[in-house]
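Summary of structural features
Given next are the chains, with one letter for each unit.
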Amino acid sequence: MDGPSGTGKSTVARGLARALGAGYLDTGAMYRVVTLAVLRAGVDPADSAAVLRVAEGVDLGIGTDPGESAVLLGGEPVDAEIRGPEVTAAVSAVSAVAGVRDLLVSRQRRIIGESRATLGGIVVEGRDIGTVVAPEAPLKVYLTASADARAARRTAQDSAEGRVSTVDATKADVQRRDTFDSTRAVSPLRPAVDAVEVDTTDLGIDAVLAQLLEIVRDRGLCGAER
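Residues numbered from 1 in each chain as written. Predicted model: local features only at pLDDT ≥ 70, side-chain atom pairs only at ≥ 80, totals over all residues. Heavy atoms only, no water.

Notes on the overall build of the chain
When helices and strands are counted, the chain shows nine helices and seven strands. Relative to the 2.2 N^0.38 estimate, which gives 17 Å for 226 residues, the radius of gyration of the chain is 17 Å and therefore close to what a compact globule would have. By principal-axis analysis of the C-alpha atoms, the chain measures approximately 50 × 40 × 30 Å. Residues classed as buried in the chain amount to 49% of the 226 residues present. Across the chain, every contact between residues at least 6 apart in sequence was considered, and the portion connecting residues at least 24 apart equals 75%. Split by element, the accessible area of the chain, about 10500 Å² in all, is 52% carbon and sulfur. Separation of charge centres in the chain, based on 26 positive and 32 negative side chains, amounts to 2 Å. (Helix = DSSP H or I, 4+ residues; strand = E, 2+ residues; numbered from the N terminus. Rg over C-alpha atoms; globule rule 2.2 N^0.38 Å. Buried < 20%, exposed > 50% of the residue type's maximum accessible area, 1.4 Å probe, protein only. Contact = heavy atoms within 4.5 Å. Areas by Shrake-Rupley, 256 points an atom, 1.4 Å probe, with all protein chains shown as cover. Lys, Arg positive; Asp, Glu negative; His and termini not counted. Charge placed at Lys NZ, Arg CZ, Asp CG, Glu CD.)

Dropping the structure here:
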């Protein structure tokens, strides 16, 4: 499941994984953990060589249970910190480093293989899952939404989690990240040619989930739903 920020990807992906009894992987969180490590090391996110050196030594832990959020840096839970403004401002630059992507894509593929072997399947969210990480996936989904809707959702989420933001500032950040992620040389944000595109601008989470579950059933990918 790919798409820009604010489209409901994380909530939808978790919900779909729970409904299917599958694993769940937030690949964006992995890039955010590396970004946090880069910032803690005092490294300039624009210094690709230094960023890669940090990434190669990162002790990153991430769970695949859709009912829990388990993101660790050096054994320390960092779920809240990786969603802060400093990491958000730097993550696109860190994610654009080819060596960082190579490291994390390799790990993501291992996690996918393990979850398929133990659980029978996994819902993976990010920006290059259908195009790079798992191009052979039996179902690829690309979520979209208007910039205004995405900014409103992000601002509401920030407020709920105790972070101060405004819709205008969030919209500017959303558009900045869209431009950066879609124009980078390595694994740019774009839908896979065979992805199902779903516009969530006017849809609630339940409606998006219902639509995706119907697609899953139609393709015969659904085991016993929970």
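A word on the sheet that holds strand β2 (residues 60-62)
Spatially, three strands are ordered β2-β3-β4 in an open sheet, and the strand pairing comes out antiparallel. Single-partner strands in this sheet number two, and they are β2 and β4 (76-77). (Pairing = 2+ DSSP bridges.)

Digging into the packing of helix α4 (residues 85-95) against helix α8 (residues 167-183)
Contact pair α4 / α8: the axes reach a minimum separation of 10 Å and the direction vectors enclose 10°. The orientation of α4 relative to α8 falls into the category roughly parallel. Contacts between α4 and α8 involve T88, A89, V91, S92 and A93 on the former and, on the latter, D173, R176, R177, F180 and D181. (Axes fitted to C-alpha atoms, helices over the stretch in contact; angles between N-to-C directions. Parallel < 35°, antiparallel > 145°, perpendicular 65-115°, else oblique.)

Quick word on the pattern of salt bridges
A full pass over the atoms with the stated rule returns 11 salt bridges. The residue K140 makes a salt bridge to D194 at a minimum N-O spacing of 3.1 Å. With K140 in the loop between α6 (129-133) and β6 (141-144) and D194 in the loop between α8 and β7 (196-199), the pair connects residues that are 54 residues apart, well separated along the chain. D194 gets classed as partly exposed once you look at its relative accessible area, which sits at 43%. Note that R150 is salt-bridged to D178, the shortest N-O span being 2.7 Å. (Salt bridge = Lys/Arg side-chain N within 4 Å of Asp/Glu carboxyl O.)

Regarding helix α5 (residues 98-119)
With 22 residues, α5 extends 31 Å from end C-alpha to end C-alpha; this agrees with the ideal 32 Å at 1.5 Å per step. All of the buried residues in α5 are G99, V100, R101, L104, V105, Q108, I111, I112 and S115. A positive phi of about 90° marks G120, the residue just after α5. (Expected span 1.5 Å × (residues − 1).)

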